[in-house]
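Structural characterization, general
Letter by letter, the chains look like this.
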Amino acid sequence: MTRAYLAFTAKGLALAQKLAAAYPGSVARCGHEAGQVHLADWTARQFAGSDALVFVGAVGIAVRAIAPHCQSKAQDPAVVVLDECGRFAVPILSGHLGGANDLARALAAVCGAVPVITTATDANGVFAVDEWAKHQNCTVLEPERIKLVSGALLAGKTVQFASDWPIAGAPPDGITAGDDPDFALTLCPAGDALHLVPRIGVLGVGCKRGTSTETLAEAFAAFCAQNRLAPQCITAAASIDLKQNEAGLLTFCKSHSWPVQFFTAEQLRAAPGSFTPSAFVQSVTGVDNVCERSAVLAADGTLVFHKYAHTGVTFALAVRPYAPDWRWQNV
């Protein structure tokens, strides 16, 4: 988490520096003197570029500063406000998905403040599906559906879940497995549930020389449609080192913010598992399969979707080891 601290007085600056010593981040003071920052400029810059903004000052100042920039709970950074005496730590934006509640608790522990947590699920001691999703390294596909799950739990109703992985520990009160889930932990969303997609996927890629970014994008859309795959699960890509200077491939991966890892033919041949062989690929690259083998190596995990070919491009998906846990607050 990248954090940015802003103070308004000398006393507030000392507290911000103390907090940043425990939870590192940039520290600035608002004002008109040399070296100080302007509130609107600082807020705009940090809202766009930081995971968390921490104001040491009045809540009202922070609210007015961030108001023009707020978009949605799925996009906004965490925002926490502490008074300059260090008595209270108040998360005011992105309490669950952005991690503001957790950050407020952590900062409060540093200076002896009281964390003021106002989200309804926390106030009532009810399971917060969006907070759990964050701790399970998931993207929430339909953040507007969070309120349906939380609202049902707050009303004392039972909520059903489904998961493609075993979940360690016992489900929280009000949560039970079911065939008609209200929320689902999956790579392949379907139906009207709230879908939580683990960010554990690695995309293996094979392509002809000179393949364009547009061709790769078209093939990727077809690959996801074929498998009903949520592309949000993918965090990285992999291929053979013969492709490491392919402009189309590099631009395609960059457009998705995926780091891409390249392996030699020798490394790919050593990948454990059973793969889809191709005599043509073997004759060109020295290894019988690129997309499946590179995905498995980069993920150090399991092949989920085998080779898919489209317009001269091949894709495969492997996933990193994953162990969701109901007891995330205790580990």
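Preceding block: the structure.
Residues numbered from 1 in each chain as written. Predicted model: local features only at pLDDT ≥ 70, side-chain atom pairs only at ≥ 80, totals over all residues. Heavy atoms only, no water.

Of all hydrophobic cores here, the largest spans 50 residues; its most connected members are Phe183, Leu196 and Phe315. Looking at which element gives the most residues to this core, the answer is helix α8 (residues 213-227), with 6 residues. (Core = buried A, V, L, I, M, F, W, Y, C linked by side-chain atoms within 4.5 Å. Buried < 20%, exposed > 50% of the residue type's maximum accessible area, 1.4 Å probe, protein only. Helix = DSSP H or I, 4+ residues; strand = E, 2+ residues; numbered from the N terminus.)

Okay, the pairing of strand β16 (residues 313-319) next. Judged by how many residues are buried, β16 sits mostly within the fold: 7 of 7 residues are covered. Of the two faces of β16, the one holding Val313, Phe315, Leu317 and Val319 and the one holding Thr314, Ala316 and Ala318 are both buried throughout. Pairing of strand β12 (residues 201-207) with β16 involves 7 bridges; the strand directions are antiparallel. By the bridge assignment, Cys207 is partnered in β16 with Val313. Linking strand β15 (residues 302-310) to β16, which pair antiparallel, is a turn of 2 residues; within it Thr311 sits at a positive phi near 45 degrees. (Pairing = 2+ DSSP bridges.)

We now examine the pairing of β12. For β12, a buried count of 7 out of 7 residues is recorded, marking the element as mostly surrounded by other parts of the structure. Side chains Gly201, Leu203, Val205 and Cys207 of β12 all project onto a buried face; the interleaved residues Val202, Gly204 and Gly206 project onto the opposite face, where all are buried too. In terms of strand pairing, β12 meets strand β13 (residues 234-240) through 4 bridges, oriented parallel. Paired with Gly204 across the two strands is Ala238, which belongs to β13. Taken together, β12, α8 and β13 form a β-α-β motif whose crossover is right-handed. (Right-handed = clockwise from strand over helix to strand, strands pointing away.)

Let us now look at helix α2 (residues 39-49). The complete set of buried residues in α2 reads Trp42, Thr43, Gln46 and Phe47. All buried residues of α2 fall inside an arc of 120 degrees around its axis, so they share one side. Of the exposed residues in α2, those oriented more than 90 degrees away from the buried face are Ala40, Ala48 and Gly49. In the core, the buried residues of α2 are packed alongside β1 (3-7), β2 (26-29), β3 (52-56), α3 (59-66) and β5 (88-93). (Arc of directions from axis to C-beta. Contact = heavy atoms within 4.5 Å.)

This part covers helix α12 (residues 291-299). Side chains that are three or four residues apart share a direction in an α-helix, a result of its 3.6 residues per turn. Among the 9 residues that make up α12, 8 are buried, leaving the element largely enclosed by the rest of the structure. Looking only at α12, the buried set comprises Cys291, Glu292, Arg293, Ser294, Ala295, Val296, Ala298 and Ala299. Contacts made by the buried residues of α12 are with β12, β13, β14 (260-263), α10 (265-269), β15 and β16. Positive backbone phi, approximately 50 degrees, marks Asp300, located one or two places after α12.

Attention now goes to the environment of Leu19. Mapped onto the elements of the fold, Leu19 is located in helix α1 (residues 10-22). A relative accessible area of 0% means that Leu19 is categorised as buried. Counting along the chain gives 20 residues from Leu19 to Leu39, while the straight-line C-alpha distance between them is 20 Å.

If you check the backbone angles, Arg228 has positive phi at about 55 degrees while not being a glycine. Of note, Arg228 is situated in the loop between α8 and β13. Its identity as a non-glycine residue notwithstanding, Ser257 has a phi of 60 degrees, on the positive side. Tracing the backbone shows Ser257 in the loop between α9 (247-255) and β14. What makes Ser257 exposed here is its relative accessible area of 63%.

Time to look at the sheet that holds β16. Spatially, β14-β13-β12-β16-β15 is the arrangement adopted by the 5 strands of the open sheet, whose pairing is mixed. The outermost strands of the open sheet, each flanked by one partner alone, are β14 and β15. Across this sheet, the average inter-strand angle for adjacent strands is 25 degrees, counted without regard to direction. Two elements, β13 and β14, share 4 bridges in a ladder whose sense is parallel. Of the residues in β14, the one forming a bridge with Ser239 is Phe262. The sheet strands contacting α8 are β12, β13, β15 and β16, and the helix crosses β15 at an angle near 125 degrees. Along the sheet face, α9 touches β12, β13, β14 and β16 and points at about 145 degrees away from the line of β14. (Axes fitted to C-alpha atoms, helices over the stretch in contact; angles between N-to-C directions.)

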